[in-house]
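Here is what each chain is made of, one letter per residue.
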Amino acid sequence: MNFKELGIDQDIVDALETKGITSPFPIQEQAIPLALTGQDIIGQAKTGTGKTFGFGLPLLQSLGLNPEKGAKALVVVPTRELAIQVAEDLKLAASNRPTMVAAIYGGKAYEEQVAEINAGAQVIVGTPGRLIDLSKQKLLDLGNIRFMVLDEADEMLDLGFLPDVEKLFAYTPDGRQTMLFSATMPGSIVTMARKYQNRPVHIRTNDPDEGHTKADIKQFVYRAHALDKDEVVGRILQAEGRGKTVIFTKTKRQASKVSEELVDRGFNATALHGDMTQEARERSMTAFRSGKKDILVATEVAARGIDVDDVTHVINYTIPEDEKAYLHRVGRTGRAGRLGIAVTFVDWEDLTRWTHINTALEFGQPDPTETYSSSAHLFSDLNIAAGTKGRIAKSKRPEGWKPGNDRDSGHAGNDRANSGRAGGQSGRNHSGGGNRGARDRNGKGAQPHKSSGQKAAGHEAPAHGDGEHKRPATPRTRNRTRKNSGGTAS
Ligand SMILES: Nc1ncnc2c1ncn2[C@@H]1O[C@H](COP(=O)(O)OP(=O)(O)OP(=O)(O)O)[C@@H](O)[C@H]1O
Ligand SMILES: [Mg+2]
């Protein structure tokens, strides 16, 4: 099966081929022909399995070879980084046709974005806050939208975003085609989503007997001790075959702190969180994509959708909020058929939360192994050479390294030149060559990393991000500082 046979025009097929994308992934095989009939869709497939082109290709195809100018398709996403990335993916697919794609997100001056809208961009990819803002100011007209997509739909329809998303639905015509995509789709959200859709078809590419987690991500859960965590992380970062690594923290402050600590230990880390200026955020992402930095210490802002080649390891420095957050976070590795490793630290006080995640995912590990930086199983599980310490010896540090030389790991205000809005996508490489354990593109290769006891579980719990977008206070988020950071949703 190829994209042409799914009804996609040759110029798009050619554009994808330049990135080595030739055979459709399962969600694309199912979603594309169906979406091309005009059907409303709820598309559910695991992280890193190609949902973006699953909605993006039919959307571009349906607009036609040379669409009239003006916004016709709207893709709504939860974070600025994802808006930039999805827009880049769609620009790639549309690179051989006049269709224009604009990324509309907060933290940036209006002028450039308004100029793209005025130039006649037909596809708008954006975050809710800025989309509403421009619509209210009559700078963006959503009255001719024919296709609307909510990417990370369960998050977009969760309490934090719902009021904004409802407004966006209200700005668009009733007759539009509406597509919702996510790796996680709790039943309650599916039920609620039907209100915004016209007899949607729910596509799920997961086999019913397949686990809820991804088999191609080897997953470890350790009960770790706060004061020892940096040392453990430092050792994991020297594991055999360790490529790019995403480390998730609970708070923005913690992301800065851990990033600074790792830089101090000789690692090439940078931070990403909602207290950084948009320019610093984009600079961090660009550096991480290009490989200039190989460790991204991030809050929940990087948990969903972000696709960076060659992320071999994800470390949950603090436990995710719930099982959905767990799946999205660890899903930053093991993408497009590749293998990955995820390590989750569970603090003593988070054991109950882990129990909940473990049950929901039928993970089969109710009691995380107590783990110290010196534990033998840490070294054997993760392939760390005996005797490795959590600091890079001064003699082995990269040239030019000095303590605290990572200005992006800090706070807002560390602004250097703007790295540009492309978000460093040129550093992405879809050819798939060279990655440790790369599988064939159809995802049919061996799955050597079978985790124990993985089973699907339809558990539903309210989603909670790390508070980088507006959410009503709930008991589970009571300890968070929630100052208005101009975060992800604006
Ligand atoms: N048919 C294909 N062949 C090869 N690579 C592909 C194909 N489709 C998508 N990819 C690549 O797979 C990677 C993951 O795709 P994508 O970001 O769309 O996943 P996703 O399902 O949206 O994941 P998430 O749930 O994390 O958002 C991207 O690098 C993308 O370019
Ligand atoms: Mg995605």
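Residues numbered from 1 in each chain as written. Chains lettered and ligands numbered in written order. Predicted model: local features only at pLDDT ≥ 70, side-chain atom pairs only at ≥ 80, totals over all residues.

(A) Molecular detail of the overall build of the protein. Each helix and strand in the protein was counted, giving 15 helices and 14 strands. In the protein, which comprises 490 residues, the share counted as buried stands at 53%. Sequence-distant contacts, at least 24 apart, represent 79% of the contacts inside the protein between residues at least 6 apart. (Helix = DSSP H or I, 4+ residues; strand = E, 2+ residues; numbered from the N terminus. Buried ≥ 20, exposed ≤ 12 C-beta atoms within 10 Å, placed from the backbone. Contact = placed C-beta atoms within 7 Å.)

(B) View of the pairing of strand 11 (residues 295-298). Burial along strand 11 is two-sided: the face carrying I295 and V297 and the face carrying L296 and A298 are both buried. The pairing of strand 9 (residues 244-248) with strand 11 spans 4 bridges and is parallel. Bridge pairing links I247 to V297 in strand 11. In the sheet, strand 10 (residues 269-272) pairs with strand 11 via 4 bridges, with the strands oriented parallel. Looking at strand 11, one finds that A269 is bridged to I295. The β-α-β motif built from strand 10, the intervening helix 12 (residues 278-290) and the parallel element strand 11 has right-handed crossover chirality. (Pairing = 2+ DSSP bridges. Right-handed = clockwise from strand over helix to strand, strands pointing away.)

(C) Spotlight on helix 11 (residues 252-264). Taking 1.5 Å of rise per residue, the 13 residues of helix 11 would be expected to cover 18 Å, and the 18 Å separating its terminal C-alpha atoms lies within 8% of that figure. Within the span of helix 11, buried status applies to K252, A255, S256, V258, S259, L262 and V263. Contacts from the buried residues of helix 11 go to strand 9, strand 10 and strand 11. (Expected span 1.5 Å × (residues − 1).)

(D) Molecular detail of the site of ligand 1. Among the 21 residues in the neighbourhood of ligand 1, the closest are listed as T47, G50, K51, T52 and A336. Of all the elements, helix 3 (residues 51-63) adds the most residues to the shell around ligand 1, at 3 residues. Split by residue class, the shell around ligand 1 holds 7 nonpolar, 10 polar and 4 charged. Here the shell around ligand 1 spans two domains, since at least three of its residues come from each of domain 1 (10-204) and domain 2 (212-473). (Near = placed C-beta within 6 Å. Nonpolar A, V, L, I, M, F, W, Y, C, P; charged D, E, K, R; others polar. Domains from an automatic or database assignment.)

(E) Quick look at the sheet that holds strand 12 (residues 311-316). Read from one edge of the open sheet, 7 strands run 10-11-9-12-13-8-14, paired in parallel fashion. Since the sheet does not close on itself, it has two edges, and those belong to strand 10 and strand 14 (369-370), each with one partner. This element, helix 10 (residues 229-236), spans strand 9, strand 12 and strand 13 (340-346) of the sheet and lies at about 170° to strand 12. (Axes fitted to C-alpha atoms, helices over the stretch in contact; angles between N-to-C directions.)

(F) Here's a closer look at unusual backbone geometry. For R199, which is not glycine, the phi dihedral falls at a positive 40°. Along the polypeptide, R199 turns up in the loop between helix 9 (187-193) and strand 7 (201-204). With 7 C-beta atoms counted inside 10 Å, the residue R199 sits in the exposed group. Notably, D310 is not glycine yet its phi reads approximately 65°, a positive angle.

(G) Here's a closer look at the packing of helix 3 against helix 4 (residues 80-93). Viewed as axis vectors pointing N to C, helix 3 and helix 4 meet at an angle of 50°, and their least axial separation amounts to 10 Å. As far as their axial angle goes, helix 4 and helix 3 are oblique. Between helix 3 and helix 4 the crossing geometry is right-handed. Residues T52, F53, G56, L57 and L60 of helix 3 pack against V86, D89, L90 and A93 of helix 4. In the contact of helix 3 with helix 4, the residues fall into 6 nonpolar, 2 polar and 1 charged. (Parallel < 35°, antiparallel > 145°, perpendicular 65-115°, else oblique. Left-handed = near helix turned anticlockwise from the far one by under 90°.)

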